[in-house]
Amino acid sequence: MPEARVTLKNTETWGIVSRSFHWLIVVLLIVQGTLGLFHDDLPRGTIRLHVSLGITILTLAIARLAWRLYAGRPAPVAGVSAGQRRVAAIGHFVLYLLLFAVPITGWLMSNYGDHAVHWFGLLELPRLVAPDDAAHEIMEGRHSQLFWALVIVAVLHALAAVHHHLFRRNTTLTRMLRGS
Ligand code: HEM
Ligand code: HEM
């Protein structure tokens, strides 16, 4: 029987660090999207929580990408064609781009609207731009559009993972869930 062990780096499978980052960010994004979409109906102060959580997600995305560049990725699952691997890699690249672009447009939107960005009342982040009403409006639109782009790409990505699991019956999904 193969020996059960916790791997850190992504050698034979996704290690515990990359798996933890992946699923933690998925959960936080669901909370974050909900806070953003329904903030008008939620208690006052929801947007402050949304901003702090958004900065947390941005920080986690940077740490995750740094770890991924250091720890690499596991060998492809047997039976997945080069073409499919290419489509998956493009999808993952776009997901990383959106993980950065959505919070950065939020930060820009806040600064253009003359709001400083605070992190849970502990830190005030640098102002990236001077106040500008027209740019604030544009950035609000970009923040929303990029969020919906993230939703669409993430749903396609999740469907692909489920397809591999149910119909191709390979380890693509399980090695991201439990590492084997
Ligand atoms: C990955 C992180 C983030 C996600 C997924 C996200 C998502 C969203 C969504 C879905 C909305 C509602 C948009 C709409 O009503 O069409 C929203 C609104 C907003 N977001 Fe974010 N956001 C993120 C990060 C941030 C960050 C880091 C900031 C600020 C530093 C921010 C500031 C705002 C503000 C101020 C609004 C309210 C806009 C308004 O209705 O006036 N967001 N966000
Ligand atoms: C907002 C949601 C999501 C985001 C932003 C996201 C992002 C990513 C990224 C960037 C990667 C590439 C890993 C890397 O190279 O570092 C990845 C891998 C993966 N994701 Fe997601 N993901 C999301 C949701 C999901 C869901 C819901 C599922 C399952 C139903 C899933 C299953 C997987 C699997 C199986 C892999 C490994 C693919 C492989 O081995 O090539 N993801 N995800």
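Check the entry above for the structure.
Remember, it's a predicted structure, so these values are computed and weren't measured experimentally.

Peer 1: Please clarify how the packing of aromatic side chains should be interpreted in this entry.
Peer 2: We describe a pair of aromatic rings using the distance from one ring centre to the other and the angle between the two ring planes. Here the structure, examined in full by the defined rule, presents 3 aromatic pairs. Seen from their ring centres, F147 and W148 are 5.0 Å apart, and the 70 degrees between their planes marks the pair as edge-to-face. Residue class for F147 comes out buried when judged on its relative accessible area of 19%. The positively charged end of K9 is found above the aromatic ring belonging to Y70, 4.6 Å away from the centroid.

Peer 1: Whenever I open this one, the coordination of the iron atom of ligand 2 confuses me. Can you help?
Peer 2: Around a metal, the ideal angle is 109.5 degrees if four donors adopt a tetrahedral arrangement and 90 or 180 degrees if six donors adopt an octahedral arrangement. Protein coordination of the iron atom of ligand 2 is provided by H22 (NE2) and H157 (NE2), with donor distances spanning 2.0 Å. Coordination at the iron atom of ligand 2 is octahedral, judged from the 6 donor atoms that bind it and the angles of 86 to 179 degrees they form at the metal. In this pair, H22 sits in helix α1 (residues 16-37) while H157 sits in helix α4 (residues 133-168), placing the two residues 135 residues apart along the sequence. In this structure H22 comes out as buried when scored by relative accessible area, which is 13%.

Peer 1: Which parts of the structure should I look at to understand the site of ligand 1?
Peer 2: Near ligand 1, the surroundings consist of 23 residues, among which Q32, H39, H50, H143 and S144 are the closest. S144 is positioned such that a nitrogen or oxygen atom in its side chain is 2.8 Å from an oxygen atom of ligand 1. Going through the elements one at a time, α1, α2 (46-71), α3 (82-112) and α4 are the ones with two or more residues in the shell around ligand 1. Looking at the shell around ligand 1 residue by residue, the class counts come to 12 nonpolar, 10 polar and 1 charged.

Conventions and cut-offs
Residues numbered from 1 in each chain as written. Chains lettered and ligands numbered in written order. Predicted model: local features only at pLDDT ≥ 70, side-chain atom pairs only at ≥ 80, totals over all residues. Heavy atoms only, no water. Phe/Tyr/Trp six-rings, centres within 6.5 Å; stacked < 30°, edge-to-face > 60°. Buried < 20%, exposed > 50% of the residue type's maximum accessible area, 1.4 Å probe, protein only. Lys NZ or Arg CZ within 6 Å of the ring centre and 35° of its normal. Donors = N, O, S within 2.8 Å, 3.2 Å for Na, K, Ca; no water. Tetrahedral: all angles 85-135°; square planar, octahedral: opposite > 155°, others 65-115°. Helix = DSSP H or I, 4+ residues; strand = E, 2+ residues; numbered from the N terminus. Near = heavy atom within 4 Å. Polar contact = N/O pair within 3.5 Å; in protein donor to acceptor, adjacent residues only side chain to side chain. Nonpolar A, V, L, I, M, F, W, Y, C, P; charged D, E, K, R; others polar.

Nothing here speaks to function; it is geometry throughout.
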